[in-house]
Amino acid sequence: MAPPVPLLAVRGSGGTSLLCGPPRCEQHSAFQSDSRVSRCITFSRDGTLFSWCNGHNVSVVRCSDGSVASSFDLPKTSLLDFSPLGSVLVTWQPYSKTQDSPQGEANLQLWNIQSGQLIKALYQKKVDSWCPSWCEDESICVRSVNNELHFYENNDFNSIANKLHMQKVSDFEVSPGGQPTKVAVYVPGSKGAPSFVRLYQYPVLGGPTAALANKSFFKADRVSMQWNRKATAVLVTASTEVDKTGASYYGEQTLHYLGVNGETALVQLQKNGPIYDVAWSPNAAEFCVVYGFMPAKATVFNLKCDPVFDFGTGPRNAAYYSPQGHILVLAGFGNLRGQMEVWDVKKYKQVSKPQAPDATHFSWCPDGEHVVTATCSPRLRVSNGYKIWHYTGSVLHQWSVEAGSELWEVRWQSFPDGSFHERPVKYQAAPSQLGTTQATPTQAYRPPALRHLPATPSAKLHEEEPPQNMRAPVGGDKVLSKSALKNQKKREAKKAAKQETKSEPEPPSDPAPLSNSQSEASSGDPETDKKIKNLKKKLKAIEELKEQQATGKVLQKNQLEKLQKEEQLLKELEELQITQ
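Quick caveat: nothing in here was measured; it's all calculated off a predicted structure.

**Quick look at the packing of aromatic side chains**
Alright, step 1. Going through the model one piece at a time under the given rule, you end up with 21 aromatic pairs.
Alright, step 2. Ring centres of F151 and Y202 lie 5.0 Å apart, and the angle between their planes is 25°; this geometry places the pair in the stacked category. Of this pair, F151 sits in strand β13 (residues 148-153) while Y202 sits in the loop between β17 (195-201) and β18 (213-217), placing them 51 residues apart in sequence.
Alright, step 3. With relative accessibility at 2%, the residue F151 sits in the buried group.
Alright, step 4. Overall, Y202 belongs to the buried group, its relative accessible area being 12%.
Alright, step 5. By the ring-pair criterion, three or more aromatic residues cluster together here, those being F31, F43, F50 and W52.
Alright, step 6. In this structure, R198 packs its charged tip against the face of F196, placed 4.2 Å from the ring centre.

**Re the sheet that holds strand β33 (residues 385-390)**
Alright, step 1. The four strands lie next to each other as β31-β32-β33-β34, forming an open sheet whose pairing is antiparallel. Of all strands in the sheet, those bounded by a partner on one side alone are β31 (361-364) and β34 (395-400). Within the sheet, the average angular offset between the axes of one strand and its neighbour, ignoring direction, is 15°.
Alright, step 2. Across six bridges, the pairing between strand β32 (residues 370-375) and β33 is antiparallel.

**What about the nonpolar core?**
Alright, step 1. Counting residues in each nonpolar core, the largest one holds 18 residues, and the members touching the most others are L149, F151, L164, M166, V183, V185 and Y200.
Alright, step 2. Elements supplying a minimum of two residues to this core: β12 (140-145), β13, β15 (171-174), β16 (182-187) and β17.
Alright, step 3. A total of three residues in this core trace back to one element, the largest contributor, which is β16.
Alright, step 4. In this structure V185 touches L149, L164, M166, V169, D171, F172, F196, V197, R198 and Y200, once residues within four positions along its chain are discounted.
Alright, step 5. C288, V300, F309 and Y348 belong to the second largest nonpolar core, which has 16 residues in total.

**Examining the sheet that holds strand β35 (residues 407-412)**
Alright, step 1. Pairing is antiparallel in the open sheet, where three strands are placed in the order β2-β1-β35. Two strands in the sheet have a free side with no partner beyond their single neighbour: β2 (15-20) and β35. Direction aside, the axes of adjacent strands within the sheet are offset by 15° on average.
Alright, step 2. Pairing of strand β1 (residues 7-12) with β2, which is carried by six bridges, proceeds in the antiparallel orientation. Residue pairing in the sheet places R11 in a bridge with T16 of β2.

**Topic: unusual backbone geometry**
Alright, step 1. Cis peptide bonds are those with omega within 30 degrees of zero, and the linkage from Y202 to P203 qualifies with 10°.
Alright, step 2. One can find P203 in the loop between β17 and β18.
Alright, step 3. The amide bond that connects M294 to the next residue, P295, takes the cis arrangement and shows omega of -5°.
Alright, step 4. Look at A231: it is not a glycine, yet its phi comes out positive at around 60°.

Calculation notes
Residues numbered from 1 in each chain as written. Predicted model: local features only at pLDDT ≥ 70, side-chain atom pairs only at ≥ 80, totals over all residues. Heavy atoms only, no water. Phe/Tyr/Trp six-rings, centres within 6.5 Å; stacked < 30°, edge-to-face > 60°. Helix = DSSP H or I, 4+ residues; strand = E, 2+ residues; numbered from the N terminus. Buried < 20%, exposed > 50% of the residue type's maximum accessible area, 1.4 Å probe, protein only. Lys NZ or Arg CZ within 6 Å of the ring centre and 35° of its normal. Pairing = 2+ DSSP bridges. Axes fitted to C-alpha atoms, helices over the stretch in contact; angles between N-to-C directions. Core = buried A, V, L, I, M, F, W, Y, C linked by side-chain atoms within 4.5 Å. Contact = heavy atoms within 4.5 Å.

Here you go:
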């Protein structure tokens, strides 16, 4: 049976449309494009339903044939979402008060899609955490109300089945997958007390031993919590608004790991600086972190928080795993130039390195073969449009808005897990009439007067680190990072120097012990001794420069001149020692 063709929803100033996915990217024949301006669009989790609000009503259609499943007279709707099984549609509109209703109207509404009836109307003033969270089979639904969590069972919103009473619950995250359902809860610190995240398994929510895991930490104004697909662990990115040390404009971030087995850890990162992105692999056994001052590092960790592979440094601030987990894209969007690095995760081999300048959106197609990048308003109001790529770097389809128009959102149709099987990774660019945008290697600028001379290695503003495998070899010795290797070489050099000084023949013993200043052989002439000491000092500095050059560091002009004087200094030292 042939795999399904994913749809791509496009929302802009020209209306809402559905495209049949790659490689054709044509208008979906069963869907009639809506030319009215849409405020929001969404697909159901299984991809069978599509909903949008055009400022007049909210429509729900079946993706297969475009037939209308439901329609609701809700012109002010700003946000939409489906429950996991697609039985409930959640709509939200800004909270407001009128003369007729000084208390305001219930602005969060839950609708039965099949019957079109209102299930429940609730008050939700803040847009943060506006949508209730369901477990995968919809047996449990969780909602944050006045800093506590309300649990509903079997979509019965008229009675609260359970509550999690905890002081000032700020955020929560329900685990994916089936039963048993777990929930991660964040409580911010106050009055010198630390912030903490706790994991609970429903319905055990009370008592001192109810929590599966607990992790407390300081320096947290807000957190981001991410469950892995198997619901066995949570990654918590804690952030502060201001870095009190002044090292970073973006505040300060730390990454914490919590397992449902009670294990917790602080993920040790090898470079200082902000944490740009954290992404779980779909296999739920590894996660990738992009971090550090630019050029940023990217490292894959296992569930023990040990580094598995280091991608080195580069201009990147985001990580995206393919739905099947066999390909990882490291990208630099926003204030970076849009460089994408496509990696084969199993072999840790780079597949391609395309560029998508000015891109503000990136997402994987559910087939794991294609991606879409888009330049959307209001992030950028010029050059709006989207491109559909093959992961080998080929551009298969490109579309730009007309002059005076804007693109606001593009979104792939969702599919259940297992709808698309993993295919072998290709390294040869897919055929395309639009070609590829592989980044060409750039060279340092050379003035015209120097271009006839042979090229010399130039000093770089940042020393780039190459990728390296961090897995422990068969012998069990741990692979060291580049900085650790440098420190190890320095220690070994110091140890060797000490051994050389010890192995030098000691002068004949005198009745009186020699002091440190007298331990070196003296010529009897203070001026000669001083010259010998200065020459040895210069030769030692040259040896250190040689070691730095051997590690790959590019030396400056004055340092290279020092190396050229080594023979002359040795000759002078030999002459002075002969005359002693």
